[in-house]
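A closer look at the structure
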Amino acid sequence: MFPIRDHNPSGRVPFVTYALIAANVAIFLSYWGLFADPRALNGFFAAWAVIPAQISDGAGYHTLISSMFLHGGVMHLAGNMLFLWIFGDNIEDEMGHIPYLLFYLASGVGAGLIQVISEPSSMVPTVGASGAIAGVMGGYILLFPKAKIDILLIFIVFFRVFTVPAVLVLGLWFAMQLFSSFGSNPLEGGVAYWAHSGGFLVGVLLTLPLFLRLGGTRFWSRHHGHPPHPDAQYEISRTRIPRVRRK
């Protein structure tokens with residue numbers, strides 16, 4: 001079960017969201033050949049992925065940014081970009097292009113730091129954009145809880161699309177990430193759940209001033225989860241490649 005689109009058109013072209021998607025895809029393609037050489041890939045991630053033990057020792061701070069543009073496989077990249085495509089345009093519409101870019105990067109850095117705090121001695125590299133994208137989702141649930149989201153349910157040979165409120169989709173996603181955070185093993189690769197749940201909370205907090213400026217819950221009543229028009233007033237493969245946490 002995963003979201004495939006929202007019914008929440010934005011009022012301007014989301015240039016930054018498009019640029020972020022393009023950058024993530026381009027960077028992934030630039031090191032795609034390393035997946036055939038586990039040793040080379042390990043060295044690449046050692047230089048550019050977040051390694052909690054290094055951050056704890058006061059080194060590698062640049063990886064809090066660079067790791068946001070790295071992914072552990074095609075499906076990892078595709079899933080993250082789908083979520084950014086669905087939810088990013090509306091947040092960019094409300095914040096504006098440059099503030100949205102800063103918000104995205106700040107959410108990603110915050111998610112990375114929370115992952116480091118959760119496992120400060122871990123040597124497992126952490127890569128992925130989903131800490132930053134979780135921040136976008138946190139902003140979305142605050143601004144557009146009533147927006148309708150289409151989710152695709154796949155059960156063996158059964159396919160069906162359901163339309164549900166954003167607050168249900170994103171609230172359930174956050175609850176699952178938070179629950180999984182407490183059961184994750186910091187010494188193993190896999191999903192960086194703390195980066196997901198932490199990034200989501202960072203996004204909510206960073207969006208709160210905008211939410212209050214727009215009128216708080218009155219914004220929900222006026223727009224029913226839809227943004228105003230701008231003229232208004234207002235997977236790693238099964239080959240032997242390094243363990244890595246995906247976020």
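What you are looking at is a predicted structure, and each value in this text was computed from that prediction instead of being measured. (Residues numbered from 1 in each chain as written. Predicted model: local features only at pLDDT ≥ 70, side-chain atom pairs only at ≥ 80, totals over all residues. Heavy atoms only, no water.)

Scanning the protein from terminus to terminus reveals 10 helices and 6 strands. When each of the 247 residues of the protein is scored for burial, the buried share is 49%. About 11900 Å² of surface is accessible on the protein, with carbon and sulfur atoms providing 69% of the total. (Helix = DSSP H or I, 4+ residues; strand = E, 2+ residues; numbered from the N terminus. Buried < 20%, exposed > 50% of the residue type's maximum accessible area, 1.4 Å probe, protein only. Areas by Shrake-Rupley, 256 points an atom, 1.4 Å probe, with all protein chains shown as cover.)

Attention now goes to the pattern of salt bridges. Taken as a whole, this structure holds 2 salt bridges when the rule is applied. When the shortest N-O distance is used, the salt bridge between Arg12 and Asp93 registers 3.1 Å. Note that Arg12 is positioned in the loop between strand S1 (2-7) and helix H1 (15-30) and Asp93 in helix H5 (residues 74-95), a separation of 81 residues in sequence. Judged by relative accessible area, which is 33%, Arg12 ranks as partly exposed. (Salt bridge = Lys/Arg side-chain N within 4 Å of Asp/Glu carboxyl O.)

What follows is about the confidence of the model for the protein. The predicted model of the protein averages 89 in pLDDT, with 88% of residues at 70 or higher. Taken as a whole, residues 227-241 scores under 50 in pLDDT and shows 32 contacts with residues more than four places along the chain or in a different chain. (pLDDT = per-residue confidence, 0-100. Contact = heavy atoms within 4.5 Å.)

Moving on, we come to the pairing of strand S3 (residues 148-155). Relative to S3, S1 runs antiparallel, the two sharing 5 bridges. By the bridge assignment, Arg5 is partnered in S3 with Asp150. For S3 and strand S4 (residues 158-165), the ladder comprises 8 bridges, and the chain directions are antiparallel. Bridged to Ile151 within S4 is Phe162. Linking S3 back to S4 in an antiparallel pair, the connection comprises 2 residues, with Ile156 at a positive phi of about 60°. (Pairing = 2+ DSSP bridges.)

A cluster of nonpolar side chains, contributed by Phe2, Ile4, Ile154, Phe159 and Val161, occupies part of the molecular surface with about 430 Å² of accessible area. Relative to the assigned elements, Ile154 resides in strand S3. (Patch = residues over 30% accessible without salt bridge, like charges linked within 9 Å, V, L, I, M, F, W, Y side chains within 5 Å.)

Further remarks concern the packing of aromatic side chains. Both the distance between ring centres and the angle between the ring planes are used here to describe each pair of aromatic rings. Under the criterion given, the structure shown has 17 aromatic pairs. Among the aromatic residues, ring-to-ring pairing joins Phe28, Tyr31, Trp32, Phe35, Phe44 and Phe45 into one connected group. (Phe/Tyr/Trp six-rings, centres within 6.5 Å; stacked < 30°, edge-to-face > 60°.)

Below, the discussion takes up the sheet that holds S3. Reading across from one edge, S1-S3-S4 is the order of the 3 strands in this open sheet, with antiparallel pairing throughout. Edge positions in the open sheet fall to S1 and S4, since each of these has one partner strand only. Here the strands of the sheet are splayed against their neighbours by 25° on average, with no regard to which way each runs. The sheet strands contacting H5 are S1 and S3, and the helix crosses S1 at an angle near 25°. (Axes fitted to C-alpha atoms, helices over the stretch in contact; angles between N-to-C directions.)

Between helix H7 (residues 130-143) and helix H8 (residues 166-181), the shortest axis-to-axis distance is 10 Å and the interhelical angle comes to 140°. By the angle between their axes, H7 is oblique relative to H8. Relative to H8, the crossing made by H7 is left-handed. Contact with H7, carried on its side by Ala134, Met137, Tyr140 and Ile141, involves Ala166, Val167, Leu170, Gly171 and Trp173 of H8 and no other residues of that element. Taken together, the residues that form the contact of H7 with H8 break down as 8 nonpolar, 1 polar and no charged. (Parallel < 35°, antiparallel > 145°, perpendicular 65-115°, else oblique. Left-handed = near helix turned anticlockwise from the far one by under 90°. Nonpolar A, V, L, I, M, F, W, Y, C, P; charged D, E, K, R; others polar.)

Relative to the assigned elements, Gly135 resides in helix H7. A relative accessible area of 0% means that Gly135 is categorised as buried. Once the C-alpha coordinates of Gly135 and Ala195 are considered, the two residues, 60 residues apart in sequence, prove to be 9.8 Å apart. The residues touching Gly135, leaving out its near neighbours within four places in the chain, are Phe103, Ser107, Gly199, Phe200 and Gly203.

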